[in-house]
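An overview of the molecular structure
So you can see what is in the structure, the chains are spelled out below.
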Amino acid sequence: VSLQLDLSEIVSREGMRSAVYVDQAGVEDPDLNFASPLRGALTFVNGGDLISIEGSLATELQAECSRCLTPVRLPLSVAIDERYPIPDILNPTRKPAPDEDFDPTIRSVVYLEKGRPILDLDELMRQLLVAELPIRILCSEECRGLCPGCGALLNEQPCTCSAPVTDGSQAVLRDLLEPRSAADRGA
Ligand SMILES: [Zn+2]
Ligand SMILES: [Zn+2]
């Protein structure tokens, strides 16, 4: 069951505040594999011409290191600070003017049901969490990854390749330098 919030009361009462607590297994997304529940608190405030949504969410994801593929637990927390103009909430599918500074988030999370504006809070949380994902997930900054030649997990075992293939340009440089230094030693 996903969280769908009827906003019709708060949009009609200036100054109204409303708190929503989140504690659920997660939200549906192929990139989000929840290892801990998704928890948080959000405060909705009617500020006259807009609704502000402030709060925070925290969870832990199960991911894998992008270098060595080891499973990694990734703590993720999101600060929420959204402001939605009330006219946009009441008419989420309206077409923006050509030069308008328009926030397309609203139409992706608010829809009308029998004329009542409903916020798809799961979809909003999904978007915020995905935006917070690091570009690269690493088990540690020093992770040495997998040898592209033999597949050895270099954090734990030595490479078993006969010739190192980790970096082509350095290998070539070494080939150029070594005969010369051997010749220097011989001279
Ligand atoms: Zn790693
Ligand atoms: Zn190797």
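See the structure above.
Heads up: these notes are all about the structure in this document. Given the structure is predicted, the values throughout are model-derived calculations rather than measurements. Counting restarts for each chain: residues are numbered from 1 in the order of the written sequence. Both sets of labels track the order of writing: A upward for chains, 1 upward for ligands. Totals for whole chains, interfaces and linings use every residue, but because this is a predicted model, local features are given only for residues with pLDDT of at least 70 and side-chain atom pairs only at 80 or more, for both listing and counting. Derived side-chain values reflect all non-hydrogen atoms in the structure, with water molecules and hydrogen atoms excluded from consideration.

On to the coordination of the zinc ion (ligand 2), then. Donor atoms from the polypeptide that coordinate the zinc ion (ligand 2) comprise Cys 147 (SG), Cys 150 (SG), Cys 159 (SG) and Cys 161 (SG), at 2.2 to 2.4 Å from the metal. Counted as coordinating are nitrogen, oxygen and sulfur atoms within 2.8 Å of the metal, or 3.2 Å for Na, K and Ca, while water is not included, which may make sites look incomplete. In this scheme the shape depends on donor count and angles: four donors with every angle between 85 and 135 degrees give tetrahedral, four or six donors with opposite pairs above 155 degrees and others between 65 and 115 give square planar or octahedral in turn, and any other case is irregular. Here the zinc ion (ligand 2) is ringed by 4 donor atoms whose angles at the metal span 104 to 115 degrees, and the overall shape comes out tetrahedral. Spacing between the donor residues of the zinc ion (ligand 2) along their common chain follows C-x2-C-x8-C-x1-C. Of this pair, Cys 150 sits in the loop between helix 4 (121-132) and helix 5 (168-186) while Cys 161 sits in the loop between helix 4 and helix 5, and the two are 11 residues apart along the sequence. Only DSSP runs of H or I covering at least 4 residues are called helices, and only runs of E covering at least 2 are called strands; the numbering of each starts at the N terminus.

The salt bridge definition used is simple: a Lys or Arg side-chain nitrogen within 4 Å of an Asp or Glu carboxyl oxygen. What the rule picks out here adds up to 10 salt bridges. Residue Glu 60 is joined to Arg 73 by a salt bridge in which the shortest nitrogen-to-oxygen separation is 3.0 Å. Of this pair, Glu 60 sits in strand 4 (residues 50-64) while Arg 73 sits in strand 5 (residues 71-85); the two residues are 13 residues apart in sequence, bridging distant segments of the chain. A 1.4 Å probe rolled over the protein chains alone gives each residue an accessible area, and that area as a share of the maximum for its type sets the label: buried under 20%, exposed over 50%, partly exposed in between. Using a relative accessible area of 22% as the deciding quantity, one classes Glu 60 as partly exposed. A salt bridge links Arg 83 to Asp 81; the shortest N-O distance between them is 2.7 Å.

Our next topic: unusual backbone geometry. Its identity as a non-glycine residue notwithstanding, Leu 69 has a phi of 70 degrees, on the positive side. For Lys 114, which is not a glycine, the phi torsion comes out positive at approximately 50 degrees. By secondary structure assignment, the location of Lys 114 is in the loop between strand 6 (110-113) and strand 7 (116-120). Lys 114 sits in the exposed class, given a relative accessible area of 83%.

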